[in-house]
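# Architecture and fold: a report
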There are 2 protein chains.
Amino acid sequence: MGQNNRPIGVFDSGVGGLTVFKELSRALPAEHLIYLGDTARVPYGNKSPQSVVRFSTENLLFLQKKKVKCVVLACNTATSLALEYLQSTFCLPLAGVIDPAVEKAVSVSVKGRIGVIGTRSTIASKVYERKIFKKNKKIKVISRACPLFVPFVEEGLLKGEVLESVVKMYLADLKGRIDTLILGCTHYPLLKKVIASCLKGVYLIDSAREVAGVTRSFLTEQGLLCKAGKGKREFYVTDEPGSFSRTARLFLGNNIKNPKLVNV
Amino acid sequence: MGQNNRPIGVFDSGVGGLTVFKELSRALPAEHLIYLGDTARVPYGNKSPQSVVRFSTENLLFLQKKKVKCVVLACNTATSLALEYLQSTFCLPLAGVIDPAVEKAVSVSVKGRIGVIGTRSTIASKVYERKIFKKNKKIKVISRACPLFVPFVEEGLLKGEVLESVVKMYLADLKGRIDTLILGCTHYPLLKKVIASCLKGVYLIDSAREVAGVTRSFLTEQGLLCKAGKGKREFYVTDEPGSFSRTARLFLGNNIKNPKLVNV
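Residues numbered from 1 in each chain as written. Chains lettered and ligands numbered in written order. Predicted model: local features only at pLDDT ≥ 70, side-chain atom pairs only at ≥ 80, totals over all residues. Heavy atoms only, no water.

## Regarding the sheet that holds strand 8 (residues 203–206) of chain B
Residue and element names in this part refer to chain B. To keep things clear, this is the line we draw: Strands qualify as paired when DSSP identifies two bridges or more between them. Note on conventions: DSSP H or I runs of at least 4 residues are helices, E runs of at least 2 residues are strands, and numbering of each starts at the N terminus. Comment: axis = line fitted to C-alpha atoms, over the contacting stretch for helices; angle = value between 0 and 180 degrees taken between N-to-C directions.
Taken in spatial order, the four strands line up as 6-5-7-8 in an open sheet, and their pairing is parallel. Sheet topology places strand 6 (140–145) and strand 8 at the edges, where each strand pairs with a single neighbour. The average undirected angle you get between the axes of adjacent strands in this sheet is 20°. Direction of pairing for strand 5 (residues 113–118) relative to strand 6: parallel, over a ladder of six bridges.

Okay, here's the thing in structure tokens:
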């Protein structure tokens, strides 16, 4: 198989990365995409850096065996805690969800006040602050862990009073203090409406579309873009596929055909 | 080491089983207790039966190497999905959290209307219904999965309006329809106050105390009880111990000394 016909790997702790997968699928219709959801060990957001690095390494080894030409880490926690290590270890182009979101946030923020929300582990890593300051030291960043958002999304609770009260608990005091908010977890775009109505007028940044753009540019520059035909889509999970398939519908709007159970 | 001086093993997906550990510790002060929390793969409640059986087997193999004289499965999901299999496979006395709670519920229910709350996997297994019907076919059982309770407890959110609205969402319609409620998850005793105020007059059953009693009786009958001295307490976890230690304080009211990181 030629270099450009090789698949693109995508991994996440579970279903969250499907927001990224959806945008990749749209931006790169001819590419063969392989998605791996580590559903046996989900969530990553409250696990230690050491465990997230180990899980991510195992996921990447699995995708490498599939002869992927590059891999997208469709998980903010894995990107925060493991991307740098994986880049220094694997001889494979890797993209994370953080740089593209930071790039966008810095370019759209008018008042230089950016909020970042994510899992406990992502926020504790302070990777967003570091990357934003590297671009512009004058920007003020407010970070906030929102650990209950992932369980709400995984339960399909995407609207209603209970969710609104949780969103308010985490975010109400950011009102008036930020002009831009990075949704620093691939699950959060599904809560966009409720977050937007709590933080009216704040520009919300969803990294999925940005990552898809960056991946397309990279493949084009490297001469690795696959242009012809309709690419295959494959799904692998580490726990039984039943509940993954059900929740995936919330993300993709359609059913996933036969996700396969694997051990990584 | 003599038979009766060997340790008692206890395992759970994470911190929830500490409610059981606490009661065991109180009922069996002279025993050497070894607790294993599978924090790298927590939670179990939304994982498949196949994965929960695999995780539980690995946990039990770890404890078996510690020469335990018996093991308590301090996790309702593991008890629902794996106890029967483990009992048929391992030559080691095993106790789960379900039988003692069922025994108690059937004995205290006045009107024969019992509610059961638990994780998705526990409720889907229908093990409580089966066991209650076996005792008394006339009892009416209403089961309800409450998948957001575990994340709330793990976040230390044990009171307040947001929690109250979640409890109401799951349980308000049980009012007047049950006289007894089994807290079918070892995390739930920490939400007892809020649940009780939502379901006034309903008898709440927390399996931890019941299991401790059953374990004590078993050891006494078998001549395995350790009577003298103050027993050692050891803690093992599969993810870095930091957040386990923090959350454990909510359960035990004091700090855990040096939980050790292990691979199972």
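There is more to say after this.
## Quick look at the confidence of the model for chain A
What counts is decided by this rule: pLDDT expresses, on a scale from 0 to 100, how confident the predictor is about each individual residue.
On average, residues of chain A score 94 in pLDDT, and 99% of them reach the 70 mark or higher. At the level of chain-chain contacts, confidence expressed as ipTM amounts to 0.88, with global pTM at 0.91.

## As for the relation of the copies chain B and chain A
Where we set the bar: Copies overlap after least-squares fitting; the atoms used are the C-alpha atoms of residues with pLDDT of at least 70 in both. For this analysis, residues touch if any pair of their heavy atoms sits within 4.5 Å.
For the pair chain B and chain A, the best superposition has an RMSD of 0.0 Å and corresponds to a rotation of 180° with a translation of 0.0 Å parallel to the axis. Here the copies are linked by what is in effect a two-fold axis. When C-alpha distances to the rotation axis are compared across chain B, the minimum falls at Arg41 of chain B, with a value of 2.3 Å. Interface overlap between copies: 100% of the residues of chain B at the interface are likewise at the interface in chain A, consistent with a symmetric, same-surface contact.

## Remarks on the layout of surface pockets
Keep this limit in mind: Here a cavity is any set of points on a 1 Å grid over the protein atoms alone where a 1.4 Å probe fits but cannot get out, and a pocket is any open set with protein on both sides within 12 Å along at least 5 of 7 lines; a residue lines the site when it has an atom within 4 Å of a point. Grid points are joined across faces, edges and corners, and a volume is the space filled by probe spheres set on the points.
Its boundaries defined by the atoms lining it, the second largest pocket holds a volume of some 630 Å³. Asn46 and Arg120 of chain A together with Ser243, Phe244 and Arg246 of chain B are, among the 26 residues lining the second largest pocket, the residues nearest its centre. Elements with a minimum of two residues in the lining of the second largest pocket: helix 2 (49–65) and helix 5 (120–125) of chain A together with helix 11 (242–252) of chain B. Per-element accounting of the lining of the second largest pocket gives the leading share, six residues, to helix 11 of chain B.

## Considerations on the interface of chain B and chain A
The condition that has to hold: Buried area is calculated as the accessible area (1.4 Å probe) missing from two parts once they are joined, with the contributions of both summed. Salt bridges are counted wherever a side-chain nitrogen of Lys or Arg sits within 4 Å of a carboxyl oxygen of Asp or Glu.
In this assembly, 28 residues from chain B lie in contact with 28 residues from chain A. Interface area, chain B with chain A, both sides summed: about 2100 Å², of which 56% is carbon and sulfur. On the chain B side of the contact with chain A, Leu148, Glu155 and Val162 of chain B bury the most area, a combined 23% of that side's loss. Counting across the chain B and chain A interface gives two salt bridges. Residue Glu155 of chain A pairs with Arg120 of chain B through a salt bridge whose shortest N-O separation is 2.4 Å.

## A short note on empty space enclosed by the protein
The final tally for this structure, using the stated rule, is two cavities of 30 Å³ or more. One number sums up the size of the largest cavity: a volume of about 100 Å³. As for the largest cavity, its lining consists of 15 residues, of which Ser13, Thr77, Thr119, Cys185 and His187 of chain A are closest to the centre. Contributions of two or more residues to the lining of the largest cavity are made by helix 3 (76–89) and helix 7 (149–154) of chain A. Its boundaries defined by the atoms lining it, the second largest cavity holds a volume of some 30 Å³. As for the second largest cavity, its lining consists of Thr19, Val20, Leu183, Cys185, Thr186, Pro189, Asp206, Ser207 and Ala208 of chain B.

## Remarks on unusual backbone geometry
Residues and elements named next belong to chain A. Cut-off, in case you're wondering: Here's how the labels work: a residue is buried when its accessible area is under 20% of the maximum for its type, exposed when over 50%, partly exposed in between, all with a 1.4 Å probe on protein chains only.
Here the residue pair Val42 and Pro43 is connected by a cis peptide bond, since its omega of -5° sits within 30 degrees of zero. With respect to the helices and strands, Pro43 occurs in the loop between strand 2 (33–37) and helix 2. If you check the backbone angles, Lys67 has positive phi at about 60° while not being a glycine. Of note in this structure, Lys126 is not a glycine but carries a positive phi near 55°. Along the chain, the position of Lys126 falls in the loop between helix 5 and helix 6 (127–135). A residue is classified by how much of its surface remains accessible, and Lys126, at 49% relative accessible area, is partly exposed.

## Brief notes about the pattern of salt bridges
Residues and elements named next belong to chain A. Counted under the stated rule, the structure contains 24 salt bridges over all chains. Residues Asp38 and Arg41 are paired through a salt bridge, measuring 2.8 Å at the closest nitrogen-oxygen approach. Residue class for Asp38 comes out buried when judged on its relative accessible area of 0%. Look at Arg41 and you get buried, because its relative accessible area is 10%. In this structure, Arg54 and Glu58 form a salt bridge, with 3.9 Å as the shortest nitrogen-oxygen distance. Of this pair, Arg54 and Glu58 both sit in helix 2, four residues apart, which is roughly one turn of that helix. Each of Asp38, Arg41, Arg54 and Glu58 takes part in a single network of salt bridges with overlapping partners.

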